[in-house]
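Topology and contacts: notes
Given next are the chains, with one letter for each unit.
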Amino acid sequence: MTAEPRTAAEPAAQPAPDETVHHWSLDDFRALDFDPFLHDRLKEKRAARIRLPFGQGDAWLMSRYADVKAATTDPRFSRSELVGRTITASSPHAIASQKASLNYADPPRLNDMRRVVARAFTGKAMQKLRPTIQRTTDGLLDGMERHGSPADLVEHLHGPLPLAAVADLLGMPHEMRANMTDWANVAMTPGPAPAQSVDALKTVRETVVALLQMRRKEPTDDLAGVLTSAAAAGEITDDEAVSLATAILVSGAHAVRNNSANMVYALLTHPEHLERLRAEPDLIPQAVDELLRFIPHRSGVGLPRIATRDLEIAGVRIKAGDTVYSSYLAANRDPEVFPEPDKLDFDRGPIAHMAFGNGPHHCVGSMLARMESEVMLATLLDRYPRLALAVPPEQVEWQQGGLIRGPKSLPVSW
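About the cut-offs
Residues numbered from 1 in each chain as written. Predicted model: local features only at pLDDT ≥ 70, side-chain atom pairs only at ≥ 80, totals over all residues. Heavy atoms only, no water. Core = buried A, V, L, I, M, F, W, Y, C linked by side-chain atoms within 4.5 Å. Buried < 20%, exposed > 50% of the residue type's maximum accessible area, 1.4 Å probe, protein only. Helix = DSSP H or I, 4+ residues; strand = E, 2+ residues; numbered from the N terminus. Contact = heavy atoms within 4.5 Å. Pairing = 2+ DSSP bridges. pLDDT = per-residue confidence, 0-100. Phe/Tyr/Trp six-rings, centres within 6.5 Å; stacked < 30°, edge-to-face > 60°.

In the nomenclature of an unreviewed UniProt entry, the protein corresponds to Cytochrome P450 from the organism Streptomyces toxytricini.

1. As for the nonpolar core
Among the nonpolar cores identified, the biggest contains 85 residues, and Leu-227, Ile-236, Leu-291 and Leu-410 are the most heavily contacted of them. Looking at this core, the element that brings in the most residues is helix H10 (residues 238-268), giving 16 residues. Among all residues touching Leu-227, those that are not within four sequence positions of it are Val-116, Val-117, Ile-236, Ala-241, Leu-244 and Ala-245.

2. So, the sheet that holds strand E5 (residues 151-152)
Taken together, 3 strands build an open sheet; the order of strands is E5-E11-E10 and the sheet is antiparallel. Two strands lie at the open edges of the sheet, namely E5 and strand E10 (388-389), each paired on one side alone. Strand direction decides the pairing type here: E10 and strand E11 (residues 411-413), joined by 2 bridges, are antiparallel. Within E11, the position partnered with Leu-389 by the bridge is Val-412.

3. Description of the confidence of the model for the protein
Per-chain confidence: the protein averages 89 in pLDDT, with 89% of residues scoring 70 or above. Contacts from residues 1-13, a stretch scored under 50 in pLDDT, to residues over four places away or in other chains number 23 contacts.

4. Re the packing of aromatic side chains
Summed over all chains, the structure comprises 4 aromatic pairs. A ring pair is formed by Trp-24 and Phe-37, whose centres lie 4.7 Å apart and whose planes are at 20°; its orientation type is stacked. With a gap of 13 residues between them, Trp-24 in the loop between strand E1 (21-23) and helix H1 (36-42) and Phe-37 in helix H1 connect regions that are remote in the sequence. Assigned by exposure class, Trp-24 and Phe-37 land together as buried.

As structure tokens, then:
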């Protein structure tokens with residue numbers, strides 16, 4: 001007989017006396033250095049017990065590719081059971097709303113919400129959006145050229161383009177977008193200033209509420225229109241519409257900002273890879289996938305799941321109510337799946353990396369993120385045959401205390 005799930009009020013199971021609890025401090029690392037803590041976990045044949053800087057209790061950490069894949073697709077692990085619990089965590093507060101949120105939903109409700117959002121993320125919709133993204137990219141780089149060399153690519157390209165792309169997808173008027181990039185960055189950097197992070201997220205939500213109210217009066221076929229129509233039809237609630245739009249806006253603006261800048265930094269510090277892409281531009285989509293696998297794009301881990309019953313996985317016995325994290329970063333460096341995993345290799349061919357997650361919570365915006373990165377890289381390589389870092393690599397300044405890793409600025413010359 002399996003154990004019944006515990007309520008939120010019940011304490012998490014304690015580790016056995018002889019079981020090591022690893023205190024994972026989530027330090028900021030230099031540039032794109034991989035977290036040695038995760039490298040060490042990949043050497044083990046079982047899940048590890050961890051404690052993160054915030055919250056209470058301990059958790060299990062899945063690191064190997066097979067274990068991460070199993071844990072993120074097993075219905076005995078629940079995101080909805082997180083609501084109301086105090087767990088060990090990477091952030092002092094929840095970035096995503098626990099109310100009516102895609103991130104805190106399980107199937108079948110999760111599937112219902114994803115089906116609504118997917119209407120705006122079809123392949124046809126992405127191809128329709130691509131010329132707009134290209135025009136925005138060209139315009140931003142025109143502005144950078146007027147500024148003159150050297151210039152900061154984060155300021156001129158990686159910051160404004162992802163916000164413009166996701167705002168275009170939502171159908172957000174330009175007057176609503178002022179300072180949105182800064183708000184998204186502050187919201188996703190809770191470590192140094194948790195109060196500012198909460199305030200920034202509140203501002204973004206208020207902007208989204210105003211946008212959805214506008215779409216109720218003026219229906220459109222953009223994502224905001226899709227969400228308001230679905231809410232009016234009873235497919236999702238008004239709160240779910242706000243939560244979905246907010247999550248897509250914040251993560252789309254912030255994650256792509258950092259990861260696209262990470263990609264350019266990686267190429268500028270791997271000159272042989274850069275020159276190969278110049279010579280073989282058709283390789284860019286494949287290169288983007290390998291860069292997504294290779295780059296340690298976040299600090300720590302994202303949201304965990306709660307075991308709803310006793311089970312065995314990854315060589316350990318997990319009890320009902322235990323918190324379970326899965327590291328996509330570690331899975332992407334598993335040598336059993338990716339030979340020489342710490343090497344950037346554009347010849348791996350099609351790779352099933354987990355940079356966008358896995359299972360029911362796989363990122364709904366992955367097609368858009370890939371497309372933005374492909375457009376940025378292709379355009380930079382085409383326009384600037386002499387593109388280079390304007391400072392030594394060790395002088396590039398990186399963000400501190402963020403959930404998503406990336407350069408604070410990226411000075412380049414051309």
